[in-house]
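Analysis of the macromolecular model
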Protein chains: 2
Amino acid sequence: MSDIPQARFAVIGAGIAGSTFAYYAQLETHPCIVLDKSRGTGGRAGSKRLPHGSVDLGASLISFSDESISDLREHLLQENIIARWQSAYVGVPRMSAITRFLLQDIPLYTDTKIHHLERRQDQWLLRDERYQAVCLADTLIIAAPATQAAMLLATIPNVNSLLQHANQAISQTRPQWALWVTTSKTQSSALMTCNHPILETIIKDSDKPGRHTDEFDTWVIQATSQWSQDNIDTPKAEVLAHLIQAFEQEVGIAVLNTGEPHRWLLGRQAMALSSKPYLWDDTRKIGVIGDWLCQGDAEGAMLSAKHAFETISKAYPFDQV
Amino acid sequence: MSDIPQARFAVIGAGIAGSTFAYYAQLETHPCIVLDKSRGTGGRAGSKRLPHGSVDLGASLISFSDESISDLREHLLQENIIARWQSAYVGVPRMSAITRFLLQDIPLYTDTKIHHLERRQDQWLLRDERYQAVCLADTLIIAAPATQAAMLLATIPNVNSLLQHANQAISQTRPQWALWVTTSKTQSSALMTCNHPILETIIKDSDKPGRHTDEFDTWVIQATSQWSQDNIDTPKAEVLAHLIQAFEQEVGIAVLNTGEPHRWLLGRQAMALSSKPYLWDDTRKIGVIGDWLCQGDAEGAMLSAKHAFETISKAYPFDQV
């Protein structure tokens, strides 16, 4: 046990929320460990690698309209990690550049699914699916979608308030089918919100800064919540056919090439009712952050993390490393 | 979706509780499906196959002292599935014979870990870890240890009472290290409750009906809760050495052969405080059963299942198949 990594904060989830929390903690020299079940960072703000670059299949932009994270926005702009696009901001050359930058100096364990949480004296012990000890931390931060947060919290006895909160928020979670396609170059608008039974948003990904190609345009198609829910178990080939047909009708241009449809199980999250944009149990040193506690979007994930850190860091006022 | 198995009851867990529930449901011709994440049936009342037979590494006996399951006890005796031993009963020729017999006419899906539960109109949809649909049922029965029950319930929105109950019971769950060893034949007593810092119980498994061998005795060593908890992350080789040494001191006979120590993560369960020996949500047709709701032992698992079935079957009084 003594040879496993230890830190002040263990952050479960390397999406926008977890990465932002770790970034602010690092700024104030609190040692952090970040763990994610996926191969890379970004969570639903991750990017898919393609032969000709990459594409943002999940969160397509961040509004950065709230001034309480203007310090972070300016830092990311200065480092050329984000650029303005469509009255908001995007990562350059892909959305996952943001989480990658935020985590650059922080120990990151990918392909690590935390399954079980255990309070030992004054520390948290994190265990994987084989119940192996992964790391120890003074304070635990769960930065995962509501469903995964609820399943993790369910392994800790008597965390009623946090568990109930996460469990109730599940009913606000919606799946979303997404697909990337390429077409010949076109002058169509780059961001379309559709009024269509299948299509919610069409994004010309190659219009974003740093993604330009001369030969073709790359698009991301996001299906509506309702259609995604109704077709959650529909075979991918069928989903693909529906999405391509709808896209070609709506945009009036033929699809050249396409990926496989991606099913975001916890794609969209309506905001949970909460008096604060995070949850915090001061007695047991456990915090919960994420878009589902604040705005339901990528900026909300950042705000949740920032405000949570401001509160939680007060628990360590005198003994910073 | 229409091609997946459907039943009135989907029972998660093929241990004593789940198997008993399915048995009573089958007796009254309610169609059941039973699912288990393991390869076989029995759960903590399962048996480990050995070159020379098998050994009961978990629950070593069932008391069958409660008259409300005397019908089941008599049926199992008549069919030679159980036999008297040490003022209680054991499965013949192994404990897992009991769950195997109870489930003989019931569709059983092993190696199937249910991960996610979803209410769809008036049915439950059970999903595995890859979110694939596994089966549909009118009524869902969770027959798993408290920790696993809590994690499953956490995936259903707004099941506060059931979820809280399971979550609170986790604090009563204790791990247990167990080990089988062989020795030369001896006249030592067959069931020893120890007053020892490491050993809780020593059971001469080969003394049980149907396990006799002429060449050697087979034993099961069960460690105390406290020592198991303190050594939950101790390497198996070290646990093995401690258990063998303690056994040899206590019984005064040398170990000839041994298996690998088995770590029951949810081995022992002190009973949860509950007004009834099961949980039942009549609106959503979801029941929770198990030893942790009744007595904390194998008989309790049976009683929990039987009493739950009696209540739940009243929801289907007129339309039996």
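Residues numbered from 1 in each chain as written. Chains lettered and ligands numbered in written order. Predicted model: local features only at pLDDT ≥ 70, side-chain atom pairs only at ≥ 80, totals over all residues. Heavy atoms only, no water.

**Observations regarding the overall build of chain A**
Helices and strands together make up the secondary structure of chain A, namely 8 helices and 18 strands. Relative to the 2.2 N^0.38 estimate, which gives 20 Å for 321 residues, the radius of gyration of chain A is 20 Å and therefore close to what a compact globule would have. In terms of overall dimensions, chain A has C-alpha extents of about 65 × 40 × 35 Å along its principal axes. Buried residues in chain A amount to 58% of all 321 residues. The centroid of the 28 positive side-chain charges in chain A is displaced by 3 Å from the centroid of its 35 negative side-chain charges. (Helix = DSSP H or I, 4+ residues; strand = E, 2+ residues; numbered from the N terminus. Rg over C-alpha atoms; globule rule 2.2 N^0.38 Å. Buried < 20%, exposed > 50% of the residue type's maximum accessible area, 1.4 Å probe, protein only. Lys, Arg positive; Asp, Glu negative; His and termini not counted. Charge placed at Lys NZ, Arg CZ, Asp CG, Glu CD.)

**Things to note about the packing of aromatic side chains**
In this structure the tally under the stated criterion is 14 aromatic pairs over all chains. Between Phe9 of chain A and Phe309 of chain A, the ring centres sit 6.4 Å apart and the planes meet at 65°, which makes this aromatic pair edge-to-face. With a gap of 300 residues between them, Phe9 of chain A in strand E1 (residues 6-12) and Phe309 of chain A in helix H8 (residues 298-312) connect regions that are remote in the sequence. Phe309 of chain A carries the same exposure label as Phe9 of chain A, and that label is buried. Ring centres 5.2 Å apart and planes at 75° place the aromatic pair Tyr23 of chain B and Tyr24 of chain B in the edge-to-face group. Tyr24 of chain B shares its class with Tyr23 of chain B; the two are buried. Three or more aromatic residues joined by ring pairs form one cluster here, namely Phe9, Phe21, Phe309 and Tyr316 of chain A. (Phe/Tyr/Trp six-rings, centres within 6.5 Å; stacked < 30°, edge-to-face > 60°.)

**As for the interface of chain B and chain A**
Taken together, the contact pairs 35 residues of chain B with 35 residues of chain A. Note on chain B versus chain A: buried area summed over both sides is about 2500 Å², and carbon and sulfur give 52% of it. Among the residues of chain B in contact with chain A, Met151, Asn167 and Asp233 of chain B are the three that bury the most area, contributing 23% of the side total. Where chain B meets chain A, there are 4 salt bridges. For Asp233 of chain B, the salt bridge identified is with Arg127 of chain A, shortest N-O distance 2.7 Å. Put simply, chain B and chain A have 8 residue pairs in polar contact (both at pLDDT 80 or more) between them. Breaking the side of chain B that touches chain A down by element, the ones donating at least two residues are strand E8 (114-120), strand E9 (123-128), helix H4 (146-153), helix H5 (160-169) and strand E16 (262-269) of chain B. In the side of chain B that touches chain A, the residues fall into 15 nonpolar, 12 polar and 8 charged. (Contact = heavy atoms within 4.5 Å. Buried area = accessible area lost by both parts, 1.4 Å probe. Salt bridge = Lys/Arg side-chain N within 4 Å of Asp/Glu carboxyl O. Polar contact = N/O pair within 3.5 Å; in protein donor to acceptor, adjacent residues only side chain to side chain. Nonpolar A, V, L, I, M, F, W, Y, C, P; charged D, E, K, R; others polar.)

**Overview of the side chain of Arg211 of chain A**
Residues and elements named next belong to chain A. Its location among the elements puts Arg211 in the loop between strand E13 (199-204) and strand E14 (217-223). Separated by 3.0 Å, the side chain of Arg211 and the backbone oxygen of Pro209 make a polar contact. Setting aside residues up to four positions removed in sequence, Arg211 forms contacts with Asp56, Val90, Gly91, Val92, Pro93, Arg94, Met95, Asp205 and Ser206.

**Regarding the packing of helix H1 (residues 16-27) of chain B against helix H8 (residues 298-312) of chain B**
Relative placement of two packed helices is described by the angle separating their axes and the distance separating the axes. Residues and elements named next belong to chain B. One can describe the packing of H1 onto H8 by two numbers: an axis separation of 8 Å at closest approach and a directional angle of 35°. In the packing of H1 onto H8, the handedness of the crossing is right-handed. Residues Ile16, Ala17, Thr20, Phe21, Tyr24 and Ala25 of H1 form the contact with H8, whose participating residues are Ala298, Ala301, Met302, Ala305, Lys306, Ala308, Phe309 and Ile312. Among the residues forming the contact of H1 with H8, the class breakdown is 12 nonpolar, 1 polar and 1 charged. (Axes fitted to C-alpha atoms, helices over the stretch in contact; angles between N-to-C directions. Left-handed = near helix turned anticlockwise from the far one by under 90°.)

**Quick word on the relation of the copies chain B and chain A**
In this structure, two copies of a chain are linked by a rotation about an axis accompanied by a shift along it. Note on the identical chains: chain B maps onto chain A by a rotation of 180° and an axial translation of 0.0 Å, with an RMSD of 0.0 Å. Put plainly, the chains are arranged around a two-fold axis. Nearest to the rotation axis, the C-alpha of Met151 of chain B is located 2.5 Å from it, this being the minimum over chain B. Looking at the interface residues of chain B, 100% of them are also at the interface in chain A, so both copies use one shared face. (Least-squares fit on C-alpha atoms with pLDDT ≥ 70 in both.)

**Description of the domain arrangement of chain A**
Residue and element names in this part refer to chain A. Looking at chain A, the domain boundaries give domain 1 (6-170 + 271-315) and domain 2 (174-269). Centre-to-centre, using C-alpha coordinates, domain 1 lies 27 Å away from domain 2. Contacts between the two partners involve 31 residues from domain 1, matched on the other side by 23 residues from domain 2. Interface of domain 1 and domain 2: buried area, both sides summed, is about 2100 Å²; carbon and sulfur atoms make up 61% of it. Of all residues in domain 1, the largest losses of buried area upon contact with domain 2 belong to His52, Leu57 and Trp85, amounting jointly to 31% of the total for that side. (Domains from an automatic or database assignment.)

**Thoughts on unusual backbone geometry**
For the bond running from Val92 of chain A to Pro93 of chain A, omega is 0°, close enough to zero to count as cis. Summarising the element assignment, Pro93 of chain A is placed in the loop between strand E6 (88-91) and helix H3 (96-102). For Ser87 of chain B, which is not a glycine, the phi torsion comes out positive at approximately 55°. Tracing the backbone through its elements, the reader meets Ser87 of chain B in the loop between strand E5 (82-85) and strand E6 (88-91). In this structure Ser87 of chain B comes out as exposed when scored by relative accessible area, which is 62%.

**Looking at the pattern of salt bridges**
Enumeration over the complete set of coordinates arrives at 37 salt bridges over all chains. Residues Arg120 of chain A and Glu118 of chain A are paired through a salt bridge, measuring 3.1 Å at the closest nitrogen-oxygen approach. Its relative accessible area of 12% is what places Glu118 of chain A among the buried residues. Between Glu74 of chain B and Arg73 of chain B there is a salt bridge whose closest N-O contact spans 3.0 Å.

**Observations concerning the environment of Phe247 of chain B**
All names here are of chain B. With respect to the element layout, Phe247 can be found in helix H7 (residues 236-251). With 48 residues separating them along the chain, Phe247 and Leu199 place their C-alpha atoms 7.7 Å apart. Setting aside chain neighbours within four positions, we find Phe247 in contact with Val181, Thr183, Leu199, Ile202, Trp219, Ile221, Gly252, Ile253 and Val255.

**Quick look at the side chain of Gln222 of chain B**
Residue placement: Gln222 of chain B occurs in strand E14 (residues 217-223). Once residues lying within four places of it in the same chain are set aside, the contact partners of Gln222 of chain B are Leu57, Gly58, Gln176, Trp177, Ile198, Leu199, Glu200, Thr201, Ile203 and Arg268 of chain B.

**Focus: the pairing of strand E2 (residues 32-35) of chain B**
Consecutive residues of a regular strand have side chains that alternate between opposite faces of the sheet. Residue and element names in this part refer to chain B. Side-chain alternation along E2 places Cys32 and Val34 on one buried face and Ile33 and Leu35 on a second face that is also buried. As defined by bridge partners, strand E1 (residues 6-12) adjoins E2 across 4 bridges and the pair is classed as parallel. Opposite Ala10, over in E2, you have Ile33 as the bridge partner. Pairing analysis gives 2 bridges linking E2 to strand E7 (residues 108-109), with the strands arranged parallel. Looking across to E7, one finds that Val34 is bridged to Leu108. (Pairing = 2+ DSSP bridges.)

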